[in-house]
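# A structural walkthrough
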Amino acid sequence: MAEIISAATAIQFFKSGQTLMIGGFLGCGSPQLVIDELLKTDLGNWTLIANDTSTPESDRGKLIVAHKIKKALVSHIGTNPQTVAQMNRGELEVELIPQGTLAERVRAGGAGLGGVLTPVGLNTDVAKGKPIIQVDGQDFLLEKPLKADVALVYATYADKYGNLSFYGSTRNFNAIMPLAAQTVIAEVDKLSETPLDPNHIVVPGIFIDYLVVRGR
């Protein structure tokens with residue numbers, strides 16, 4: 001059973017220098033409360049794994065503005081001018097990863113796989129320094145799995161057992177990141193005292209350590 005905690009309590013699971021996975025696609029399905037609490041601390045020097053760096057005034061983007069991220073592994077940065085500026089000044093390392101490859105690397109981390117083979121990125125800067133493996137005469141890049149110390153995700157619904165369900169496209173990276181992190185904190189809109197319908201569960205509660213319920 002997942003433990004229900006406040007956003008302020010959740011910051012005890014974060015340490016400087018950790019690798020963090022944070023769910024969301026821009027502002028869609030993005031955790032907010034715990035990030036706002038982290039901004040009040042001196043913690044930082046984090047490696048961020050996320051779909052994007054959002055916008056300067058929202059969720060992950062606020063961490064960029066506060067210079068709390070040392071490296072970002074993301075699929076795009078164009079919506080956050082601060083990310084671009086810090087990268088160009090050499091203050092922030094950015095690894096741009098094709099979105100599908102990013103999702104598969106997270107999935108591989110959660111599944112205990114040694115990596116994934118993909119033709120995406122061959123003969124481009126994406127391939128620099130990466131092994132190329134030939135299968136049936138075709139070349140593939142070996143993309144290594146991604147894991148994190150802490151995953152901070154969002155869900156629309158949860159029950160007291162930690163089972164998560166999502167409305168529409170809010171599931172995005174929130175559905176796969178919990179499998180690839182040592183500690184998982186889910187920020188949820190609504191908590192059900194009765195178990196969710198198994199047909200609606202996307203992330204089983206066994207992967208969730210803590211719930212932060214909005215409005216509590």
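Let me begin by describing the structure that accompanies this report.

Next up on the list: the overall build of the protein chain. Scanning the protein chain for helices and strands turns up 5 helices and 12 strands. Taken over C-alpha atoms, the radius of gyration comes to 17 Å for the protein chain, in line with the 17 Å a tight globule of 216 residues would show. Principal-axis analysis of the C-alpha atoms places the extent of the protein chain at approximately 55 × 40 × 30 Å. Taken across its 216 residues, the protein chain has 48% of its residues classed as buried. Contacts spanning at least 24 positions in sequence make up 70% of the contacts within the protein chain whose residues lie at least 6 apart. Charge-centre separation for the protein chain: the mean point of 19 positive side chains lies 2 Å from the mean point of 22 negative side chains.

A cluster of nonpolar side chains, Leu 117, Ile 133 and Val 135, forms an exposed patch at the surface whose accessible area comes to about 210 Å². Considering the arrangement of structural elements, one finds Ile 133 in strand E7 (residues 132–135).

With that settled, consider the packing of aromatic side chains. Here the structure, examined in full by the defined rule, presents 2 aromatic pairs. Where Phe 14 meets Trp 46, the ring centres are 6.4 Å apart and the plane angle is 65°; that geometry is what we call edge-to-face. Highlighted residues: Phe 14 in the loop between helix H1 (7–10) and strand E2 (19–22) and Trp 46 in strand E3 (residues 46–49), separated in sequence by 32 residues. Assigned by exposure class, Phe 14 and Trp 46 land together as buried.

Reading across the sheet, the 3 strands line up as E6-E8-E7 and stay open at both edges, with antiparallel pairing between neighbours. Two strands in the sheet have a free side with no partner beyond their single neighbour: strand E6 (116–118) and E7. Neighbouring strand axes in the sheet, compared pairwise and without regard to direction, differ in orientation by 45° on average. Where E6 and strand E8 (residues 138–143) come together, 3 bridges link them in antiparallel fashion. Counted as the bridge partner of Thr 118 is Leu 141 from E8. The strands touched by helix H5 (residues 99–111) within the sheet are E6 and E8, with E6 carrying the most contacts at an inclination of about 160°.

Let us look at unusual backbone geometry. With a phi close to 55°, Leu 26 is a non-glycine residue in the positive phi region. Along the polypeptide, Leu 26 turns up in the loop between E2 and helix H2 (33–38). In this structure Leu 26 comes out as partly exposed when scored by relative accessible area, which is 25%. Within the chain, His 67 stands out as a residue other than glycine whose phi angle is a positive 60°. The topology assignment puts His 67 in the loop between helix H3 (59–65) and strand E4 (69–74). Look at His 67 and you get partly exposed, because its relative accessible area is 46%.

Attention now goes to the side chain of Ser 54. Positionally, Ser 54 belongs in the loop between E3 and H3. The buried category is assigned to Ser 54, whose relative accessible area is 1%. A polar side-chain atom of Ser 54 sits 3.0 Å from a polar atom in the side chain of Asp 59. In this view, Ser 54 contacts Leu 26, Gly 27, Asp 59, Arg 60, Gly 61, Thr 79 and Asn 80; residues no more than four positions away in its chain are not counted.

The rules behind the values
- Residues numbered from 1 in each chain as written.
- Predicted model: local features only at pLDDT ≥ 70, side-chain atom pairs only at ≥ 80, totals over all residues.
- Heavy atoms only, no water.
- Helix = DSSP H or I, 4+ residues; strand = E, 2+ residues; numbered from the N terminus.
- Rg over C-alpha atoms; globule rule 2.2 N^0.38 Å.
- Buried < 20%, exposed > 50% of the residue type's maximum accessible area, 1.4 Å probe, protein only.
- Contact = heavy atoms within 4.5 Å.
- Lys, Arg positive; Asp, Glu negative; His and termini not counted.
- Charge placed at Lys NZ, Arg CZ, Asp CG, Glu CD.
- Patch = residues over 30% accessible without salt bridge, like charges linked within 9 Å, V, L, I, M, F, W, Y side chains within 5 Å.
- Areas by Shrake-Rupley, 256 points an atom, 1.4 Å probe, with all protein chains shown as cover.
- Salt bridge = Lys/Arg side-chain N within 4 Å of Asp/Glu carboxyl O.
- Phe/Tyr/Trp six-rings, centres within 6.5 Å; stacked < 30°, edge-to-face > 60°.
- Pairing = 2+ DSSP bridges.
- Axes fitted to C-alpha atoms, helices over the stretch in contact; angles between N-to-C directions.
- Polar contact = N/O pair within 3.5 Å; in protein donor to acceptor, adjacent residues only side chain to side chain.

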